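What the coordinates show
Here is how the chains run, residue by residue.
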Amino acid sequence: MGYREVGSVWGKWDLHFHTPSSFDYKNKQVTDAKIVETLKKAGIEVVAITDHHFIDVARIKSLQALAKQDLTILPGIELRSDLGGKEKVHLIGIFPDYCDIQDIWTKLSGRLGLTPTDLKKSGGDDQIYVEFKNASKVIHEIGGIVSVHAGDKSNSIEGISNN
């Protein structure tokens, strides 16, 4: 993100944004250029790409190149955790725009069991879960921050039926 001489300024950020790289994304034909164009038109200044259980390194680099200085693209990931009752607790890891995205993804996928082999063993993307405490620890250790939300996007943390 660029330097602002005016000090603290409010801006529009979206820290939970999916692309066609998410297994459940509806329109897989959406291009990176269309994503950047739409975000810019909406006045978004910073966006975290938080696809489910995957950091698409090539896509994030493409989005960053297309966005140039007009839009900051943060690498991220959304993970389904072991916590919650019928509504699972999801956690989102967000990393700096200047990080080594490939290194982040290599460390996360290995330490959290998100490799292609792990996904096959679990039954696919919609069946993969991570241990909340461990995933949070790993994300922090490799320079990220963690955000949390209840399973469905319309839910809040109060609707979770157990720990």
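Here's a quick rundown of the structure. Since the structure is predicted, the reported quantities are computational estimates derived from the model, not experimental observations. (Residues numbered from 1 in each chain as written. Predicted model: local features only at pLDDT ≥ 70, side-chain atom pairs only at ≥ 80, totals over all residues. Heavy atoms only, no water.)

**Some thoughts on the overall build of the chain**
Along the chain, the regular secondary structure elements total five helices and five strands. Here the chain, with 163 residues, has 43% of them falling under the buried criterion. Across the chain, contacts joining residues at least 24 apart in sequence account for 71% of those joining residues at least 6 apart. When the accessible surface of the chain is totalled, it reaches about 9,200 Å², and 52% of it is carbon and sulfur. (Helix = DSSP H or I, 4+ residues; strand = E, 2+ residues; numbered from the N terminus. Buried < 20%, exposed > 50% of the residue type's maximum accessible area, 1.4 Å probe, protein only. Contact = heavy atoms within 4.5 Å. Areas by Shrake-Rupley, 256 points an atom, 1.4 Å probe, with all protein chains shown as cover.)

**Focus: helix 1 (residues 32-41)**
An α-helical turn contains 3.6 residues, so any two residues separated by three or four positions project in the same direction. For helix 1, the set of buried residues is D32, I35, V36 and L39. On an axial view of helix 1, the arc spanned by its buried residues comes to 95 degrees, and they lie on one face. Buried-residue contacts for helix 1 involve strand 1 (12-17), strand 2 (44-49) and helix 2 (57-67). Looking one or two residues past helix 1, G43 carries a phi angle of roughly 80 degrees, positive in sign. (Arc of directions from axis to C-beta.)

**Some words on the packing of aromatic side chains**
With the rule as written, the count across this model stands at one aromatic pair. Seen from their ring centres, F54 and W105 are 5.5 Å apart, and the 90 degrees between their planes marks the pair as edge-to-face. Here W105 lies in helix 3 (residues 101-111) and F54 lies in the loop between strand 2 and helix 2, a separation of 51 residues in the sequence. According to the relative accessible area criterion, F54 is partly exposed, its value standing at 30%. For the cation-ring pair, R80 lies above Y129, with the distance from its terminal atom to the ring centre recorded as 5.3 Å. (Phe/Tyr/Trp six-rings, centres within 6.5 Å; stacked < 30°, edge-to-face > 60°. Lys NZ or Arg CZ within 6 Å of the ring centre and 35° of its normal.)

**Observations concerning the packing of helix 2 against helix 3**
Remark: helix 2 packs on helix 3, axes separated minimally by 10 Å, with the N-to-C direction vectors making an angle of 150 degrees. Our classification of the angle between helix 2 and helix 3 gives roughly antiparallel. Crossing geometry of helix 2 relative to helix 3 is assigned as right-handed. Residues V57, I60, K61 and Q64 of helix 2 lie in contact with helix 3, whose contacting residues are I101, Q102 and W105. (Axes fitted to C-alpha atoms, helices over the stretch in contact; angles between N-to-C directions. Parallel < 35°, antiparallel > 145°, perpendicular 65-115°, else oblique. Left-handed = near helix turned anticlockwise from the far one by under 90°.)

**Some thoughts on unusual backbone geometry**
Of note in the backbone geometry, H53 takes a positive phi value of approximately 55 degrees without being a glycine. For H53, the location among the structural elements is in the loop between strand 2 and helix 2. We note that K68 has phi near 50 degrees; this positive angle belongs to a residue other than glycine. By the element assignment, K68 lies in the loop between helix 2 and strand 3 (72-84).

By themselves, these figures tell us nothing about what the structure is for.
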